[in-house]
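Residues per chain are reported as follows:
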Amino acid sequence: QSPSSPWFIESILGSGTYGFVECVRNINTHQMLARKIIKVTSKQEDENELPATAVREIAVLKSIHHEFIIKLSHVAFEPLYNSGTNHLCLYLEFLPTDLKRYMDALGPGERISPRLVKSYSYQLLSAIECLHRHRILHRDLKPPNILIDYEGRLKLADFGLARQCHMPERTLTHEVVTLWYRPPEVLLNAPTYGTALDVWGFGCVFAEMTLREPLFRGECEIDQLLLIFRLLGTPTVSEWPEIAQCLYYQTGLPRFPLDDVQLSRLPMSSQCRQFLKDTLIYNPKHRRTARQLLEEHEYLAEGAVLVHSSSKNGLL
Ligand code: ADP
């Protein structure tokens, strides 16, 4: 810790690809924030450059203000731990845990309550809808990037892979999205992809919240595709004509018929199953949009969609 810094380190929250995140408290105001530390190499410093992921994250968080998206308090360039090198520090609103840690801590047989799953789904889709309205793709939806508190609030975080999607869609790099949440258009290396990519990721997170385990736990790209095909049937050119343009598409792809038996075995209500199916439509053009799911889907139209508790024990 730099002697002049007013921020006292409370705990280490997590480490990511590009640095780590800690919980810090201001010694004067007692305000608590999360500090995401990104190492800047001496070459980058000499050339007055910043890591691309940090630039993306700052640009998105400065332009988007939404109830269910993490807030950026300020950015600083600080020498930390007497290391002599400067680090880029993003000071973010602090939340006590994330969806992955919360699910990992559940006891055997314990599930997230259906009304909390619905509330989280609503909050997460609202955040995604806001991003998509501003033509921003998150591109890395997964439980560790979904922060939660003990009262039922959710905030989407980690915009290191986020980027603007210009219309018409341009070809974007395919090295995006953690494997288990990666949509078929990215796995098959389609020439373009757009906002539907985040809806697939959302669907996988929704299933995981309901089932308490990842829906498609692939070990490599091919394995991931096969797991998807086994559950949803191998996609056909008639339902998704553009699949023929996918670089990795071969007419020889193993053929699995749509297996309604497997789908119906997923332990969830038929309404949840239909909601899941609508997020996992192969053809990205036909996959429901975040707005359609929010405004038109009966799963979100029925019952309380937002549950917050101020009671001492909270919801978790
Ligand atoms: P990276 O981009 O390096 O993967 P993330 O932004 O995903 O970093 O953060 C890594 C982990 O740190 C998250 O999974 C979460 O557990 C924790 N974390 C990140 N931001 C916050 C925050 N604002 N409040 C609390 N914990 C956070």
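Residues numbered from 1 in each chain as written. Predicted model: local features only at pLDDT ≥ 70, side-chain atom pairs only at ≥ 80, totals over all residues.

Colleague: Explain unusual backbone geometry to me, please; I cannot follow it from the model alone.
Modeller: Glycine aside, a negative phi is what most residues show, and trans is what most peptide bonds show. Residue arginine 135 is not a glycine yet carries a positive backbone phi of 60°. Phi is positive for asparagine 189, close to 60°, though the residue is something other than glycine.

Colleague: I tried to follow the pairing of strand E5 (residues 86–93) on my own but got confused; where do I start?
Modeller: Walk down a regular strand and you will see the side chains alternate between the two sheet faces. Examined bridge by bridge, strand E3 (residues 32–39) and E5 share 7 bridges and lie antiparallel to one another. Bridging across to E5, isoleucine 37 finds its partner in cysteine 89. Bridge count for strand E4 (residues 72–79) against E5 is 7 bridges, and the pairing is antiparallel. Across the sheet, residue histidine 74 finds its bridge partner in E5, namely tyrosine 91. (Pairing = 2+ DSSP bridges. Helix = DSSP H or I, 4+ residues; strand = E, 2+ residues; numbered from the N terminus.)

Colleague: Just to check I follow, could you spell out the confidence of the model for the chain for this structure?
Modeller: Close reading of the predicted structure is inappropriate where its pLDDT is low. Summarising the model, the chain shows a mean pLDDT of 88, and 90% of its residues fall at 70 or more. Quick note on the complex model: pTM equals 0.92, ipTM equals 0.96. (pLDDT = per-residue confidence, 0-100.)

Colleague: Would you explain the environment of serine 119 in this entry?
Modeller: Within the secondary structure, serine 119 sits in helix H4 (residues 114–133). Of the residues examined, serine 119 has 22 C-beta atoms within 10 Å and is grouped as buried. Once the C-alpha coordinates of serine 119 and cysteine 130 are considered, the two residues, 11 residues apart in sequence, prove to be 17 Å apart. If near-sequence neighbours (up to four positions away) are discounted, serine 119 is found in contact with Gly152, Val305, Leu306 and Val307. (Buried ≥ 20, exposed ≤ 12 C-beta atoms within 10 Å, placed from the backbone. Contact = placed C-beta atoms within 7 Å.)

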